[in-house]
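Here is how the chains run, residue by residue.
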Amino acid sequence: MANERPFIERFPLPDIDSDDLRSKVFTHRSMTGAPAGQQYNGDIPQIDNERLVFVGAGVIHLIVMATIEEVLPLSRRGEMTDKKTLLVAQSRLAGWSDTYNLPSRLRAHASQEETVRRNEWAKAQVFQAYVGALFKEHGYEFVDEWFGEIVEHTIKEVLELEQAALVEAFDRTTIGMPGTRDDHQPSSSSFSENDTPSTSNRNMRDRESPLSPGGFSAQGASPPRRPAPGGAPENNANLQSPLSQFNQRCAQKHIQPQWAFINEGPQHGPIFRATVTLPGEPEPIGLGEGPTKAAAKQLAAEMALCILDEA
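Residues numbered from 1 in each chain as written. Predicted model: local features only at pLDDT ≥ 70, side-chain atom pairs only at ≥ 80, totals over all residues. Heavy atoms only, no water.

*Asks:* It is not clear to me how the sheet that holds strand β1 (residues 258-264) should be interpreted in this structure. Could you clarify?
*Replies:* Adjacent strands of a sheet pair through backbone hydrogen bonds, lying either parallel or antiparallel. In space, the 3 strands of this open sheet follow the order β1-β2-β3, with antiparallel pairing throughout. The sheet is open, and its two borders are formed by β1 and β3 (286-290), each paired with just one other strand. This sheet shows a mean twist of 15° between the axes of neighbouring strands, independent of strand direction. In the sheet, β1 pairs with strand β2 (residues 271-277) via 7 bridges, with the strands oriented antiparallel. Within the sheet, the bridge partner assigned to Ile-262 lies in β2 and is Arg-273. Along the sheet, helix α7 (residues 120-138) makes contact with β2 and β3, crossing β3 at roughly 80°. (Pairing = 2+ DSSP bridges. Helix = DSSP H or I, 4+ residues; strand = E, 2+ residues; numbered from the N terminus. Axes fitted to C-alpha atoms, helices over the stretch in contact; angles between N-to-C directions. Contact = heavy atoms within 4.5 Å.)

See below:
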(Lines give C-alpha, C1' and ligand atoms only; values in the text may rest on other atoms or scores of the structure.)
Protein backbone atom coordinates (compact mmCIF):
# COMPACT_ATOMS: atom_id res chain seq x y z
CA MET A 1 0.00 0.00 0.00
CA ALA A 2 1.14 3.57 -0.70
CA ASN A 3 0.93 4.61 2.95
CA GLU A 4 3.42 1.88 3.88
CA ARG A 5 6.19 3.18 1.64
CA PRO A 6 9.23 4.62 3.46
CA PHE A 7 9.19 8.35 4.11
CA ILE A 8 12.10 9.14 1.79
CA GLU A 9 10.42 7.23 -1.05
CA ARG A 10 7.14 9.09 -0.61
CA PHE A 11 8.91 12.45 -0.34
CA PRO A 12 12.29 12.10 -2.14
CA LEU A 13 14.81 14.84 -1.44
CA PRO A 14 15.27 17.15 -4.46
CA ASP A 15 18.81 17.62 -5.71
CA ILE A 16 20.76 20.87 -5.54
CA ASP A 17 22.33 21.36 -8.95
CA SER A 18 24.71 24.21 -8.09
CA ASP A 19 28.06 23.01 -6.73
CA ASP A 20 28.53 26.35 -4.95
CA LEU A 21 25.17 26.21 -3.17
CA ARG A 22 25.60 22.56 -2.26
CA SER A 23 29.03 23.27 -0.78
CA LYS A 24 27.66 26.12 1.34
CA VAL A 25 24.74 24.04 2.62
CA PHE A 26 27.10 21.50 4.15
CA THR A 27 29.76 23.89 5.46
CA HIS A 28 29.48 24.73 9.17
CA ARG A 29 30.64 28.13 10.39
CA SER A 30 33.47 26.53 12.39
CA MET A 31 35.22 25.78 9.06
CA THR A 32 35.73 29.52 8.50
CA GLY A 33 37.23 30.31 11.91
CA ALA A 34 35.08 33.46 12.01
CA PRO A 35 33.89 34.54 15.49
CA ALA A 36 30.14 34.65 16.14
CA GLY A 37 28.61 38.02 15.34
CA GLN A 38 31.56 39.16 13.23
CA GLN A 39 30.57 41.19 10.19
CA TYR A 40 31.76 39.68 6.95
CA ASN A 41 34.17 41.59 4.77
CA GLY A 42 32.45 42.35 1.48
CA ASP A 43 35.61 41.38 -0.40
CA ILE A 44 35.69 37.89 1.12
CA PRO A 45 33.02 35.44 -0.12
CA GLN A 46 31.10 33.60 2.57
CA ILE A 47 31.53 29.83 2.38
CA ASP A 48 29.37 28.58 5.27
CA ASN A 49 25.61 27.91 5.42
CA GLU A 50 24.46 30.74 7.72
CA ARG A 51 22.87 32.91 5.03
CA LEU A 52 21.10 29.91 3.52
CA VAL A 53 19.83 28.98 7.00
CA PHE A 54 18.31 32.47 7.25
CA VAL A 55 16.57 32.14 3.87
CA GLY A 56 15.45 28.55 4.45
CA ALA A 57 13.92 29.32 7.85
CA GLY A 58 11.70 31.97 6.27
CA VAL A 59 10.62 29.67 3.44
CA ILE A 60 9.82 26.86 5.90
CA HIS A 61 7.68 29.14 8.08
CA LEU A 62 5.78 30.46 5.05
CA ILE A 63 5.06 26.99 3.62
CA VAL A 64 4.01 25.67 7.04
CA MET A 65 1.60 28.55 7.64
CA ALA A 66 0.12 28.36 4.13
CA THR A 67 -0.37 24.59 4.39
CA ILE A 68 -1.97 24.81 7.84
CA GLU A 69 -4.39 27.45 6.57
CA GLU A 70 -5.34 25.21 3.64
CA VAL A 71 -5.58 21.88 5.51
CA LEU A 72 -7.44 23.28 8.54
CA PRO A 73 -10.01 25.67 7.03
CA LEU A 74 -12.19 25.81 10.17
CA SER A 75 -9.43 26.18 12.76
CA ARG A 76 -9.02 29.30 14.83
CA ARG A 77 -5.77 31.22 15.13
CA GLY A 78 -4.80 29.56 18.43
CA GLU A 79 -4.96 26.04 17.03
CA MET A 80 -3.13 27.10 13.87
CA THR A 81 -0.38 28.64 15.99
CA ASP A 82 -0.09 25.42 18.01
CA LYS A 83 0.37 23.40 14.84
CA LYS A 84 2.92 25.86 13.44
CA THR A 85 4.97 25.73 16.65
CA LEU A 86 4.97 21.94 16.49
CA LEU A 87 5.99 21.80 12.83
CA VAL A 88 8.84 24.34 12.92
CA ALA A 89 10.31 23.12 16.23
CA GLN A 90 14.02 22.41 16.21
CA SER A 91 13.45 18.74 17.05
CA ARG A 92 11.09 18.36 14.06
CA LEU A 93 13.55 19.96 11.62
CA ALA A 94 16.40 17.91 13.05
CA GLY A 95 14.33 14.76 12.59
CA TRP A 96 13.71 15.51 8.92
CA SER A 97 17.41 16.27 8.56
CA ASP A 98 18.31 12.88 10.03
CA THR A 99 15.83 11.12 7.77
CA TYR A 100 17.56 12.51 4.69
CA ASN A 101 21.00 11.85 6.26
CA LEU A 102 22.01 15.49 5.91
CA PRO A 103 24.09 15.78 9.14
CA SER A 104 26.55 13.12 7.95
CA ARG A 105 27.45 15.42 5.05
CA LEU A 106 28.24 18.43 7.27
CA ARG A 107 31.80 19.72 7.18
CA ALA A 108 33.04 21.37 10.36
CA HIS A 109 36.34 22.09 12.07
CA ALA A 110 38.16 18.84 12.79
CA SER A 111 37.88 19.35 16.55
CA GLN A 112 34.11 19.85 16.36
CA GLU A 113 32.92 17.82 13.38
CA GLU A 114 31.49 14.81 15.25
CA THR A 115 29.94 17.03 17.93
CA VAL A 116 28.36 19.31 15.34
CA ARG A 117 26.92 16.37 13.41
CA ARG A 118 25.24 15.08 16.58
CA ASN A 119 23.94 18.46 17.73
CA GLU A 120 20.21 19.01 17.23
CA TRP A 121 20.67 22.71 16.49
CA ALA A 122 23.18 22.00 13.71
CA LYS A 123 20.96 19.26 12.28
CA ALA A 124 18.01 21.64 12.07
CA GLN A 125 20.15 24.33 10.50
CA VAL A 126 21.49 22.13 7.72
CA PHE A 127 17.89 21.23 6.83
CA GLN A 128 17.00 24.94 6.76
CA ALA A 129 20.05 25.64 4.62
CA TYR A 130 19.06 22.89 2.18
CA VAL A 131 15.58 24.39 1.83
CA GLY A 132 17.15 27.82 1.36
CA ALA A 133 19.38 26.52 -1.42
CA LEU A 134 16.44 24.86 -3.20
CA PHE A 135 14.51 28.14 -2.98
CA LYS A 136 17.38 30.18 -4.43
CA GLU A 137 17.92 27.69 -7.24
CA HIS A 138 14.35 26.75 -8.18
CA GLY A 139 11.95 29.19 -6.49
CA TYR A 140 9.09 28.95 -3.99
CA GLU A 141 6.70 26.75 -6.02
CA PHE A 142 9.36 24.08 -6.49
CA VAL A 143 10.07 23.91 -2.75
CA ASP A 144 6.37 24.00 -1.88
CA GLU A 145 5.65 21.06 -4.16
CA TRP A 146 8.07 18.94 -2.13
CA PHE A 147 8.05 20.35 1.40
CA GLY A 148 4.37 21.33 1.35
CA GLU A 149 3.50 17.66 0.83
CA ILE A 150 5.59 16.71 3.86
CA VAL A 151 3.88 19.34 6.00
CA GLU A 152 0.39 18.30 4.86
CA HIS A 153 1.18 14.64 5.57
CA THR A 154 2.50 15.49 9.03
CA ILE A 155 -0.51 17.66 9.93
CA LYS A 156 -2.91 14.85 9.02
CA GLU A 157 -0.82 12.41 11.01
CA VAL A 158 -0.93 14.71 14.03
CA LEU A 159 -4.72 14.96 13.73
CA GLU A 160 -5.04 11.18 13.66
CA LEU A 161 -2.97 10.87 16.81
CA GLU A 162 -5.02 13.56 18.52
CA GLN A 163 -8.26 11.78 17.64
CA ALA A 164 -6.89 8.49 18.94
CA ALA A 165 -5.90 10.16 22.20
CA LEU A 166 -9.35 11.72 22.53
CA VAL A 167 -11.03 8.34 22.06
CA GLU A 168 -8.67 6.72 24.56
CA ALA A 169 -9.40 9.43 27.13
CA PHE A 170 -13.15 9.04 26.57
CA ASP A 171 -12.88 5.28 27.02
CA ARG A 172 -11.03 5.69 30.31
CA THR A 173 -13.66 8.06 31.70
CA THR A 174 -16.62 5.84 30.73
CA ILE A 175 -15.33 2.44 31.88
CA GLY A 176 -17.29 1.36 34.94
CA MET A 177 -19.87 4.15 34.68
CA PRO A 178 -23.51 3.07 35.21
CA GLY A 179 -25.34 2.42 31.94
CA THR A 180 -22.21 2.15 29.80
CA ARG A 181 -21.31 -0.91 27.77
CA ASP A 182 -18.19 -1.80 25.81
CA ASP A 183 -20.15 -2.12 22.57
CA HIS A 184 -21.26 1.50 22.95
CA GLN A 185 -17.72 2.86 23.12
CA PRO A 186 -17.05 5.33 20.29
CA SER A 187 -14.54 4.51 17.58
CA SER A 188 -12.03 6.86 16.01
CA SER A 189 -14.24 7.11 12.92
CA SER A 190 -16.82 9.01 14.97
CA PHE A 191 -14.53 12.04 15.08
CA SER A 192 -13.90 14.25 12.10
CA GLU A 193 -10.83 16.37 11.54
CA ASN A 194 -12.68 19.53 12.52
CA ASP A 195 -13.85 17.98 15.80
CA THR A 196 -10.29 17.84 17.11
CA PRO A 197 -9.83 20.19 20.10
CA SER A 198 -7.06 22.72 19.61
CA THR A 199 -5.45 21.83 22.92
CA SER A 200 -5.21 18.08 22.43
CA ASN A 201 -1.89 18.26 20.57
CA ARG A 202 -0.20 19.31 23.80
CA ASN A 203 -0.95 15.85 25.17
CA MET A 204 0.45 14.13 22.09
CA ARG A 205 3.93 15.61 21.88
CA ASP A 206 5.49 12.72 23.73
CA ARG A 207 4.31 10.19 21.14
CA GLU A 208 6.58 9.17 18.26
CA SER A 209 5.18 8.57 14.80
CA PRO A 210 7.09 6.26 12.44
CA LEU A 211 6.49 8.47 9.41
CA SER A 212 7.12 11.88 10.95
CA PRO A 213 10.79 12.44 11.80
CA GLY A 214 11.35 14.46 14.92
CA GLY A 215 8.38 12.97 16.74
CA PHE A 216 6.77 14.84 19.59
CA SER A 217 8.58 16.03 22.69
CA ALA A 218 6.68 16.55 25.91
CA GLN A 219 6.18 20.21 26.75
CA GLY A 220 8.85 21.24 29.19
CA ALA A 221 10.69 17.91 29.07
CA SER A 222 14.43 17.83 29.57
CA PRO A 223 16.71 15.75 27.34
CA PRO A 224 17.39 12.17 28.45
CA ARG A 225 19.85 11.98 31.30
CA ARG A 226 23.07 10.07 30.98
CA PRO A 227 23.06 6.94 33.14
CA ALA A 228 24.97 7.27 36.38
CA PRO A 229 28.12 5.15 36.50
CA GLY A 230 27.94 1.95 38.51
CA GLY A 231 24.15 1.80 38.33
CA ALA A 232 23.55 4.71 40.72
CA PRO A 233 20.02 5.05 42.12
CA GLU A 234 17.52 7.01 40.03
CA ASN A 235 17.32 9.80 42.59
CA ASN A 236 21.01 10.60 41.92
CA ALA A 237 20.58 10.67 38.12
CA ASN A 238 20.25 14.46 38.05
CA LEU A 239 23.89 14.69 39.18
CA GLN A 240 24.87 13.05 35.90
CA SER A 241 22.91 15.36 33.60
CA PRO A 242 24.88 17.14 30.87
CA LEU A 243 24.45 20.47 32.66
CA SER A 244 25.73 19.08 35.97
CA GLN A 245 28.73 17.50 34.27
CA PHE A 246 29.46 20.72 32.37
CA ASN A 247 29.29 22.78 35.56
CA GLN A 248 31.64 20.31 37.27
CA ARG A 249 34.16 20.52 34.41
CA CYS A 250 34.04 24.34 34.49
CA ALA A 251 34.58 24.35 38.26
CA GLN A 252 37.56 22.02 37.90
CA LYS A 253 39.07 24.28 35.24
CA HIS A 254 38.15 27.47 37.19
CA ILE A 255 36.03 28.69 34.27
CA GLN A 256 32.95 30.89 34.62
CA PRO A 257 30.67 30.14 31.62
CA GLN A 258 28.46 32.89 30.26
CA TRP A 259 24.86 31.96 29.34
CA ALA A 260 22.48 33.80 27.02
CA PHE A 261 18.84 33.02 26.30
CA ILE A 262 16.27 34.02 23.67
CA ASN A 263 12.54 33.37 24.05
CA GLU A 264 10.51 33.11 20.82
CA GLY A 265 7.06 31.86 19.87
CA PRO A 266 3.64 32.44 21.46
CA GLN A 267 3.11 32.43 25.21
CA HIS A 268 1.34 29.05 25.13
CA GLY A 269 4.07 27.47 22.99
CA PRO A 270 7.39 29.25 23.57
CA ILE A 271 10.70 28.21 22.07
CA PHE A 272 13.81 28.92 24.12
CA ARG A 273 17.30 29.14 22.63
CA ALA A 274 20.34 28.93 24.89
CA THR A 275 24.01 29.61 24.15
CA VAL A 276 27.02 29.23 26.43
CA THR A 277 30.33 30.99 25.87
CA LEU A 278 33.62 30.68 27.72
CA PRO A 279 35.42 33.84 28.92
CA GLY A 280 37.65 35.29 26.23
CA GLU A 281 36.05 33.21 23.49
CA PRO A 282 34.14 35.15 20.78
CA GLU A 283 31.96 32.20 19.70
CA PRO A 284 29.60 30.02 21.79
CA ILE A 285 30.72 26.44 22.39
CA GLY A 286 27.20 25.23 23.11
CA LEU A 287 23.84 25.82 21.41
CA GLY A 288 20.46 24.41 22.39
CA GLU A 289 16.75 24.87 21.78
CA GLY A 290 13.75 23.54 23.66
CA PRO A 291 10.22 24.19 24.93
CA THR A 292 11.62 25.42 28.27
CA LYS A 293 14.67 27.38 29.32
CA ALA A 294 15.92 24.39 31.30
CA ALA A 295 15.59 22.01 28.33
CA ALA A 296 17.45 24.42 26.03
CA LYS A 297 20.20 24.84 28.64
CA GLN A 298 20.61 21.07 28.96
CA LEU A 299 21.05 20.65 25.19
CA ALA A 300 23.55 23.52 25.01
CA ALA A 301 25.48 22.05 27.94
CA GLU A 302 25.62 18.67 26.22
CA MET A 303 27.24 20.17 23.13
CA ALA A 304 29.56 22.37 25.21
CA LEU A 305 30.61 19.42 27.36
CA CYS A 306 31.89 17.50 24.33
CA ILE A 307 33.94 20.48 23.14
CA LEU A 308 35.23 21.25 26.64
CA ASP A 309 36.37 17.66 27.11
CA GLU A 310 38.27 17.81 23.80
CA ALA A 311 40.04 21.04 24.73
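*Asks:* Explain the nonpolar core to me, please; I cannot follow it from the model alone.
*Replies:* Buried together is how nonpolar side chains tend to be arranged in soluble globular proteins. Counting residues in each nonpolar core, the largest one holds 54 residues, and the members touching the most others are Val-25, Phe-127, Trp-146, Phe-147 and Phe-246. Looking at this core, the elements with two or more residues in it are α2 (19-25), α3 (50-71), α5 (90-99), α7, α8 (140-174), α9 (242-252) and α10 (293-310). Counting residues per element, this core draws most heavily on α7, at 10 residues. Setting aside its immediate chain neighbours within four residues, Phe-246 contacts Pro-257, Trp-259, Val-276, Ile-285, Ala-301, Ala-304, Leu-305 and Leu-308. (Core = buried A, V, L, I, M, F, W, Y, C linked by side-chain atoms within 4.5 Å. Buried < 20%, exposed > 50% of the residue type's maximum accessible area, 1.4 Å probe, protein only.)

*Asks:* Explanation requested: the packing of α5 against α7 in the structure shown.
*Replies:* In a packed pair of helices, the relevant descriptors are the angle between the two axes and the axis-to-axis distance. Where α5 contacts α7, the two axes come as close as 7 Å, and the packing angle between them is 70°. Here α5 is positioned roughly perpendicular relative to α7, judged by the angle of their axes. The crossing of α5 and α7 is left-handed. Between α5 and α7, the residues in contact are Gln-90, Ser-91, Leu-93, Ala-94, Trp-96, Ser-97 and Asp-98 and Glu-120, Trp-121, Lys-123, Ala-124, Val-126, Phe-127 and Gln-128, respectively. Taken together, the residues of the contact of α5 with α7 sort by class into 7 nonpolar, 4 polar and 3 charged. (Parallel < 35°, antiparallel > 145°, perpendicular 65-115°, else oblique. Left-handed = near helix turned anticlockwise from the far one by under 90°. Nonpolar A, V, L, I, M, F, W, Y, C, P; charged D, E, K, R; others polar.)

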